[in-house]
Amino acid sequence: MVDSPGSLASLRSRNRLLVLETVRRHGRISRVGIARATGLSRTTVSSLVADLLAEGVLSEAAASGPPTGSRGGRPATPLSLNPEGGGVLGVHLRHTDIRVLLADLSGGVLGERRRGFDVDRRPGRALDFVAETALDLVATEGRGLGRVFGMGVAVSAPVRSRSSAPSTPSMPAAWTDVDIAARLRDRVGLPVHVGNDANLGALAEWTFGAARGVHDMIYVMLADGVGAGLILDGRLYEGATGTAGELGHVPVVDGGYVCRCGNRGCLETVVGARALTSAFSHIRGPDTTIADLVALLAAGDPGARRVVSDAGRMIGQALAGVCAVLEPRLVVIGGEVAAVGRLLLDGVRDELTRRLPPAIGHAVTVAAGSLGDRAEAFGATVLATQQTSAHLLKP
């Protein structure tokens, strides 16, 4: 039996999830702090926390610090997620490789596998690898976990928010009609939830990384493709159909290269990994990688510096209109290409400063992501927890 949306049981489930997510975002927080952050009454918070402590999902540390309240009393007891209270699986299906990781509820990685793979053209084999690897990680690395909540999967395509299905026009032809969630659910025996990789990268940096504590931010994922994830007023914003954040398909060059979306001169054709490395293919050959580009930068190569600086300014150009409308506090640059470092960020900052009104431009900080190329897989674990906790933790 499913609780009706307005039932008391449904409300309690949502409040339990709200408490869990609040503890996750803060790392360590008292019951009073949870009440302040969520707007729930202290009585409600105490009841929900008692349940989560009994189930082993939360743990509490020894009280420390000064007493709370003007008349003294016991110090506030900090609560945190219990690393041994459960785990989640996170998967990132990129165009050219697959990452699968098992993490505890606090975000600690228990086990991880990564393999180069022609994901675009071999969906069946790709999903077989994910299922086999996930089961192996749970068996070998998750033995101390009380339970595994579920699996999140980050895909390089928009995902329709209401159906959790990839938007097929943006998926490779071989993936048409492939129900990723159903296929993996049948193999792994866990709830499986699918999300856009840039959105999940944003969720990860907001939960665990460089954007922790920031309520309005834009995450830019630079890899083979280019995407953006938006956190607005403390919530992931996906748009009316789940396709918000397609920054890579913003035109930046008149009459430029044809993009896979069918338009010309999209940002992806200028700053994507393939675009950047191809600039050096006539010198270093067709197998040039982002790691090669990083090495050239470290050696002070003027061509590499020019390419990366130009890429940063192009990203800033594409972001300027978005920032003018949304006024984010922070722009986080992540993904594989972000490894090229400071010169790229400087280009983004310079272009935003030049194009934005001073009141907005001076308020926007540009920073590198702190989770590296793991961000999207970490975000998949957050998605799995968010989507399954309301069911698995219901009273």
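Everything below is about the structure printed above this text.
Structural notes, computed from the coordinates. Treat the numbers as computed from the prediction; the structure is a model and nothing was measured.

**Quick notes on the pattern of salt bridges**
Overall, the coordinates contain 21 salt bridges when judged by the stated rule. The residue Glu 336 makes a salt bridge to Arg 94 at a minimum N-O spacing of 3.4 Å. Of the two residues, Glu 336 sits in the loop between strand E13 (330–334) and helix H12 (342–355) while Arg 94 sits in the loop between strand E3 (87–93) and strand E4 (97–104), which places them 242 residues apart along the sequence. Judged by its relative accessible area of 11%, Arg 94 is buried. Each of the salt bridges in this network shares a partner with another, and the network as a whole consists of Arg 94, Asp 97, Arg 99, Glu 112, Arg 114, Glu 336, Asp 373 and Arg 374.

**A look at H12**
With 14 residues, H12 extends 20 Å from end C-alpha to end C-alpha; this agrees with the ideal 20 Å at 1.5 Å per step. Where H12 is concerned, the buried positions are Leu 343, Leu 344, Leu 345, Gly 347, Val 348, Glu 351 and Leu 352. Against strand E10 (217–222), helix H10 (290–298), helix H11 (302–326), E13 and strand E14 (365–368) lie the buried residues of H12.

**Overview of the packing of aromatic side chains**
The final tally for this structure, using the stated rule, is two aromatic pairs. Consider the rings of Phe 117 and Phe 129, whose centres lie 6.1 Å apart with planes at 35°: the pair is tilted. Within this pair, whereas Phe 117 is found in the loop between strand E5 (109–116) and helix H4 (123–141), its partner Phe 129 is found in helix H4, the two being separated by 12 residues in sequence. The class for Phe 129 is buried, based on a relative accessible area of 12%. Measuring from centroid to centroid gives 6.0 Å for Phe 208 and Phe 378, while their planes differ by 55°, and the two rings are tilted. Of this pair, Phe 208 sits in the loop between helix H6 (197–207) and E10 while Phe 378 sits in helix H14 (residues 375–392), placing them 170 residues apart in sequence. Judged by its relative accessible area of 18%, Phe 208 is buried.

The rules behind each value
- Residues numbered from 1 in each chain as written.
- Predicted model: local features only at pLDDT ≥ 70, side-chain atom pairs only at ≥ 80, totals over all residues.
- Heavy atoms only, no water.
- Salt bridge = Lys/Arg side-chain N within 4 Å of Asp/Glu carboxyl O.
- Helix = DSSP H or I, 4+ residues; strand = E, 2+ residues; numbered from the N terminus.
- Buried < 20%, exposed > 50% of the residue type's maximum accessible area, 1.4 Å probe, protein only.
- Expected span 1.5 Å × (residues − 1).
- Contact = heavy atoms within 4.5 Å.
- Phe/Tyr/Trp six-rings, centres within 6.5 Å; stacked < 30°, edge-to-face > 60°.

By themselves these figures say nothing about function.
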